[in-house]
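Overview (structure and organization)
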Amino acid sequence: AARMLLVKLDGTISADTAKVTDLGHAFPFPALLGAAAIGDQSTALVTLADQIYWIVVVPVRAPLPIAFIAACIPLDNNLVNEMRRISASRHAILLATKDARGRWNVAAHTTGASDFSLPAISTVKAGLGIVMQHGSEILAIATPLQSAAGSRPIAAIIEFPLAEVLGTYRGLIMPMLAVLGLALLAAVGGATFIGRRF
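Notes on the structure follow. Numbering of residues starts from 1 in every chain and runs along the sequence as written. The model is predicted, so local features are restricted to residues of pLDDT at least 70 and side-chain atom pairs to those at 80 or more, both for listing and for counting; the totals for chains, interfaces and linings are taken over all residues. The side-chain figures draw on all heavy atoms in the structure; neither hydrogens nor water molecules are used.

Some thoughts on unusual backbone geometry
Both trends apply: most residues other than glycine have a negative phi, and most peptide bonds are in trans. The amide bond that connects alanine 62 to the next residue, proline 63, takes the cis arrangement and shows omega of -15 degrees. Along the chain, proline 63 turns up in the loop between strand E4 (51–61) and strand E5 (65–74). Positive phi is not limited to glycine here, since alanine 49 has a value of about 50 degrees. Locating alanine 49 in the fold gives a position in the loop between strand E3 (42–48) and E4. Each residue is placed in one exposure class: buried if its accessible area under a 1.4 Å probe, protein chains only, is under 20% of its type's maximum, exposed if it is over 50%, and partly exposed if it falls in between. Using a relative accessible area of 72% as the deciding quantity, one classes alanine 49 as exposed. One non-glycine residue, aspartate 50, lies in positive phi territory at about 65 degrees. Think of it this way: any DSSP run of H or I at least four residues long counts as a helix, any run of E at least two long counts as a strand, and we number them from the N terminus. Inspection of the secondary structure assignment puts aspartate 50 in the loop between E3 and E4. Overall, the relative accessible area of 41% leaves aspartate 50 in the partly exposed class.

Below, the structure is given as structure tokens:
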């Protein structure tokens, strides 16, 4: 964890290793505290100061609960690169979140990710968009990720060069045209045969 918070039972922050939170303010994700009190831990994706974290909240017991510890693991470029390394896909991955003005910004990305304007991202369902990058078209597939109540929306984006996406189907075009041409010839021949008989 890159950041740890100590939260009192009343939900106020009493210590923060990042030293950016005003002590005494309410922990921004109270539902995680409730879930940790019931199930001994809770986890979720959250945004803190425009950074995306995987947060784990656990109660501190002595033997009754006296506080909560929230450990924040950053989803930064290094972690996203590691995720791509162990996945089957070699395509660039980006994580984006909304800023205070409601605009989507990239918070983390894999090495080699393109620099492009983010497509419209739905906070409800996956979507795709075609964006321009250095004169070539990129297919960007964005999907919202489930985050904690009180967090800004978070989305994952995978980019595919459009030429690569369409290249898969280019080999099918000629066989399909040949089948359609044969079907058209058969239909014309059948119509001519029927027309001459009557």
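Moving on, there is more to tell.
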